[in-house]
Protein chains: 2
Amino acid sequence: MNPKLQWLRNKMSSLDLQGLIISNPINIKYLTNIEAEGILLLTRKENIYITDARYIEHVHSILTLYDEIIVYDMNDVSKEDYENFFMFCENVGFEEYYVTYAQYKEYMRKYKINSLVETEHIIEKQRMIKDEEEIRNIKKACEITDNCFSYILDYIKPGMTEKQIANEIEEYYKERTEGVSFDTIVASGENTSKPHAIPSDRKIQDVDIITIDMGCIVNGYCSDMTRTFFVGKVPEYVKPVYDLVLKNQTQTTEDFKDGASTRLLTKMVENDFKLNGYDLVHSLGHGVGMEIHEAPYISYRSDTQLKENMVVTNEPGIYIPGKFGVRIEDTVQITKFGCINLTNSEKNYIVICQWVSMGTEKNDTAKM
Amino acid sequence: MNPKLQWLRNKMSSLDLQGLIISNPINIKYLTNIEAEGILLLTRKENIYITDARYIEHVHSILTLYDEIIVYDMNDVSKEDYENFFMFCENVGFEEYYVTYAQYKEYMRKYKINSLVETEHIIEKQRMIKDEEEIRNIKKACEITDNCFSYILDYIKPGMTEKQIANEIEEYYKERTEGVSFDTIVASGENTSKPHAIPSDRKIQDVDIITIDMGCIVNGYCSDMTRTFFVGKVPEYVKPVYDLVLKNQTQTTEDFKDGASTRLLTKMVENDFKLNGYDLVHSLGHGVGMEIHEAPYISYRSDTQLKENMVVTNEPGIYIPGKFGVRIEDTVQITKFGCINLTNSEKNYIVICQWVSMGTEKNDTAKM
């Protein structure tokens with residue numbers, strides 16, 4: 001049996017589950033590599049995947065005998081078959097965070113199950129710890145993201161719109177990867193004060209501030225990175241905010257390590273921001289993997305311990321409504337003693353098109 | 001109060017619901033125009049929208065006094081506030097097809113509700129019937145889709161890949177609309193036998209068959225259209241299949257009307273296909289609106305009556321595994337006596353780059 005399914009079967013024993021219904025397609029892909037519409041059933045003795053005619057061919061091309069998964073076309077599964085799958089199972093687990101209330105009731109009816117048991121993200125929790133291949137894929141996605149960022153710094157010129165820049169990034173990714181891992185954020189000027197700005201028709205000015213939040217997918221795994229940078233020069237009033245964000249982003253590189261509490265990490269940054277009169281308005285980070293946002297969530301609301309080989313973002317940000325914002329975000333791999341930056345783009349002041357402002361304001365040269 | 005919320009309040013009275021929790025963001029957008037993360041509560045006396053700091057500004061910019069919606073930042077809502085919202089409500093409705101089992105339990109706890117009542121898609125059912133503005137938007141999206149199809153027929157040349165063609169369609173939409181309403185399907189040769197093919201690196205041949213399934217979004221409303229067409233010439237063995245699909249697609253234009261049963265419509269096409277030795281492997285159509293696939297679903301599994309001003313697709317298709325497939329799909333508006341085609345692209349044999357094969361096979365000129 002494939003090792004991930006074997007792991008899950010051991011987990012089921014320890015939880016006294018005789019059966020398990022897996023509905024979340026990302027979890028199914030994680031366990032089996034199958035990307036289709038269907039459901040995975042772990043019964044007492046068998047692993048069963050039920051799909052429809054559209055996907056049968058594809059599913060058979062993915063699986064090997066070694067997977068030990070029996071594939072059914074849903075049209076060939078009778079009412080009695082459904083009722084037999086979990087016969088004599090006392091406890092059957094289901095994914096209560098994915099399954100709707102209506103599906104839950106449908107499962108009870110269709111499989112004739114008396115006790116559907118909540119499984120509290122068992123698979124998502126396992127997915128937090130990445131294996132070598134997963135880390136290799138994320139690393140590659142981060143590397144292409146670094147390259148794309150270098151490319152885009154050269155590409156951007158005053159007069160271009162945010163949308164145009166976002167499109168160029170998406171084109172870059174499309175040619176080299178499976179595409180973006182989320183809708184690219186390109187925010188400039190005042191728009192940088194919105195953490196989740198949507199690229200607009202605003203044109204880049206001769207002296208401007210830009211935040212880009214970008215990522216791509218390689219072999220099904222995501223990258224995520226943000227930089228705030230400058231056109232022409234770094235305005236003096238932005239520097240203290242940038243420095244404070246950078247200080248916290250860099251410091252946490254030492255604190256993000258095996259055993260660290262996600263709540264405490266958040267508290268530390270929040271306190272330092274507050275001391276300087278600012279708030280931490282969004283979470284400090286999140287897991288990255290098959291999904292762009294996945295467990296663990298690094299915020300004061302969750303209390304998880306970071307573990308070796310988790311891959312998470314580290315993204316403190318300060319946003320001053322109606323004025324500007326600064327966010328610096330890396331994707332990092334947690335180790336026993338700290339973390340490895342998978343993102344390697346410059347974090348000190350980045351200034352592009354400096355020549356534009358040089359002519360007019362000779363006394364205000366930006367620090368590189 | 002805005003008329004959609006007023007309608008919903010009347011509906012609640014008739015269902016004996018004293019409160020309603022609306023969680024599906026598409027339903028919230030339909031009722032309020034708000035596009036954000038949050039929850040809409042209809043309590044005994046008030047309409048309440050709870051969101052977070054990121055969206056407050058945006059939400060206030062969308063709503064007017066006339067909407068009669070009170071907006072809260074979730075950070076300002078206390079445990080007691082949540083418990084008070086539905087105090088003295090006997091029945092509170094929720095969206096059992098959207099809310100996960102975990103959320104359902106959380107609602108019970110947080111709002112201290114004893115009886116959460118399933119509401120069986122009340123809002124989705126109302127969304128099936130489009131008003132004038134909604135139809136205007138879908139019509140516009142269909143018109144741009146027709147134009148895009150004309151453009152792409154000129155654009156395609158032998159040697160291009162399916163991916164390249166799909167990209168060109170997406171670029172066309174990006175410049176004129178809010179983007180694609182679903183991932184564009186460009187399938188050629190054998191790939192046309194897969195109803196949900198993903199664009200590949202396969203190159204278009206001098207004599208070839210292509211299926212394109214495409215749509216865009218205008219003011220939040222979708223279009224959906226498919227055409228199967230030919231490069232060089234129409235192979236003789238494809239003609240009977242094409243003719244059968246076209247005959248059924250055209251005939252149903254008369255049958256798609258107010259009062260028609262979705263099951264019977266499907267049965268009619270299925271029977272005609274079976275008489276000729278083919279199967280109807282996917283549903284005959286689906287509603288189109290804010291979502292690319294929404295109620296009503298036109299298949300043998302559902303039994304809905306079509307009603308005036310529903311907008312649905314009509315998309316019979318035949319797929320011969322490993323060989324080829326043909327699908328013809330229009331988006332149509334149901335009327336009292338038939339339906340209006342919102343898609344107006346050619347449905348008879350379309351042959352592009354006929355010159356390519358003319359030189360070599362003079363005796364087999366394609367019928368246009």
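Structure report, in brief. Please read these numbers as outputs of a predicted model, since none were measured by experiment.

### Let's talk about empty space enclosed by the protein
If you roll a probe as big as a water molecule over the atoms, it shows you where there is empty space left. Taken as a whole, this structure holds two cavities of 30 Å³ or more when the rule is applied. Within this model, the largest cavity holds a volume of roughly 60 Å³. Every residue lining the largest cavity is listed: N27(A), E95(A), E96(A), Y97(A), T119(A), H121(A), I122(A), I123(A) and E124(A). With three residues, the single largest contributor to the lining of the largest cavity is helix α6 (residues 122-128) of chain A. Tallied by class, the residues present in the lining of the largest cavity amount to three nonpolar, three polar and three charged. Its boundaries defined by the atoms lining it, the second largest cavity holds a volume of some 40 Å³. What lines the second largest cavity is simply I185(B), A187(B), N191(B), T192(B), K194(B), P195(B), T211(B), T228(B), Y319(B), G325(B), V326(B) and R327(B). Counting residues per element, the ones that place at least two in the lining of the second largest cavity are β7 (185-188) and β16 (324-327) of chain B. In terms of residues, the lining of the second largest cavity owes the most to one element, β16(B), which gives three residues. Residues of the lining of the second largest cavity, tallied by class, amount to five nonpolar, five polar and two charged.

### Considering the packing of helix α7 (residues 132-155) of chain A against helix α8 (residues 162-176) of chain A
All names here are of chain A. It is the contact of α7 with α8, at a shortest axis distance of 10 Å, that shows an interaxial angle of 140 degrees. The angle between α7 and α8 places the two elements in the oblique class. Handedness of the crossing formed by α7 with α8: right-handed. Together, I144, T145, N147, C148, Y151, I152 and Y155 of α7 and Q164, I165, E168, I169, Y172, Y173 and R176 of α8 make up the contact between the two elements.

### Observations concerning the packing of helix α9 (residues 239-255) of chain B against helix α10 (residues 262-275) of chain B
All names here are of chain B. Relative orientation of the contacting elements α9 and α10 amounts to 155 degrees, with a least axis distance of 11 Å. Relative to α10, α9 is oriented roughly antiparallel. Our pair here, α9 against α10, has a crossing hand that is right-handed. For the pair α9 and α10, contact is made by L244, V245, K247, N248, T252 and D255 and by L265, M268, V269, D272 and F273, respectively. Counted by class, the contact of α9 with α10 contains six nonpolar, two polar and three charged residues.

### Structural notes on the relation of the copies chain B and chain A
Between chain B and chain A, the superposition needs a rotation of 180 degrees and an axial shift of 0.1 Å, giving an RMSD of 0.0 Å. Here the two chains are linked by the operation of a two-fold rotation axis. Relative to the rotation axis, the closest C-alpha in chain B is found at T100(B), a distance of 1.9 Å. Looking at chain B, 100% of its interface residues are interface residues in chain A too, so the copies touch through the same face.

### Description of the interface of chain B and chain A
Interfaces are often described in size by the accessible area the parts lose on coming together. Tallying the contact residues gives 19 residues for chain B and 19 residues for chain A. Across the interface of chain B and chain A, roughly 1700 Å² is buried in total on both sides, 56% from carbon and sulfur atoms. Of all residues in chain B, R54(B), Y101(B) and K174(B) bury the most surface against chain A, accounting for 31% of the area lost on that side. Our enumeration of links across chain B and chain A arrives at four salt bridges. Notably, a salt bridge pairs K174(B) with E170(A), separated by 3.8 Å at the nearest N-O pair. Applying the counting criterion to the chain B and chain A interface returns ten residue pairs in polar contact (both at pLDDT 80 or more). Of all the secondary structure elements, the ones that give two or more residues to the side of chain B that touches chain A are α5 (101-110) and α8 (162-176) of chain B. Looking at the side of chain B that touches chain A, its residues break down into eight nonpolar, four polar and seven charged.

### A short note on the sheet that holds strand β5 (residues 92-94) of chain A
Residues and elements named next belong to chain A. Judged by pairing direction, the sheet is mixed, and its six strands sit side by side in the order β4-β3-β2-β1-β5-β6 without closing on themselves. Of all the strands in the sheet, the pair left with one neighbour each is β4 (70-73) and β6 (116-118). When the angles between neighbouring strand axes are averaged without regard to direction, this sheet yields 25 degrees. Bridge count for strand β1 (residues 19-22) against strand β2 (residues 38-42) is three bridges, and the pairing is antiparallel. Following the sheet pairing, I22 is matched in β2 by L40. In the packing of helix α3 (residues 53-62) onto the sheet, the strands contacted are β3 (47-51) and β4, and the crossing angle to β4 comes to about 160 degrees. Contacting β1, β2, β5 and β6, helix α5 (residues 101-110) crosses the sheet at an angle of about 140 degrees to β6.

### Quick word on the packing of aromatic side chains
What the rule picks out here adds up to 33 aromatic pairs over all chains. Between Y101(B) and Y104(B), the aromatic rings sit 6.0 Å apart at their centres with planes inclined by 35 degrees, giving tilted as the arrangement. Of this pair, Y101(B) and Y104(B) both sit in helix α5, three residues apart, which is roughly one turn of the helix. Site record: aromatic cluster; members linked through ring pairs are Y72(A), Y82(A), F85(A), F86(A), Y107(A) and Y111(A). The ring of Y82(B) has K110(B) lying over it, and the distance from NZ or CZ to the ring centre is 4.5 Å. Here R301(B) stacks its cationic end above the ring of Y300(B), 5.9 Å away from the centre of that ring.

The rules behind these values
Residues numbered from 1 in each chain as written. Chains lettered and ligands numbered in written order. Predicted model: local features only at pLDDT ≥ 70, side-chain atom pairs only at ≥ 80, totals over all residues. Heavy atoms only, no water. 1 Å grid on protein atoms, 1.4 Å probe; cavity = no way out; pocket = protein on both sides within 12 Å on 5 of 7 lines; lining within 4 Å. Points joined across faces, edges and corners; volume = space filled by probe spheres on them. Helix = DSSP H or I, 4+ residues; strand = E, 2+ residues; numbered from the N terminus. Nonpolar A, V, L, I, M, F, W, Y, C, P; charged D, E, K, R; others polar. Axes fitted to C-alpha atoms, helices over the stretch in contact; angles between N-to-C directions. Parallel < 35°, antiparallel > 145°, perpendicular 65-115°, else oblique. Left-handed = near helix turned anticlockwise from the far one by under 90°. Contact = heavy atoms within 4.5 Å. Least-squares fit on C-alpha atoms with pLDDT ≥ 70 in both. Buried area = accessible area lost by both parts, 1.4 Å probe. Salt bridge = Lys/Arg side-chain N within 4 Å of Asp/Glu carboxyl O. Polar contact = N/O pair within 3.5 Å; in protein donor to acceptor, adjacent residues only side chain to side chain. Pairing = 2+ DSSP bridges. Phe/Tyr/Trp six-rings, centres within 6.5 Å; stacked < 30°, edge-to-face > 60°. Lys NZ or Arg CZ within 6 Å of the ring centre and 35° of its normal.

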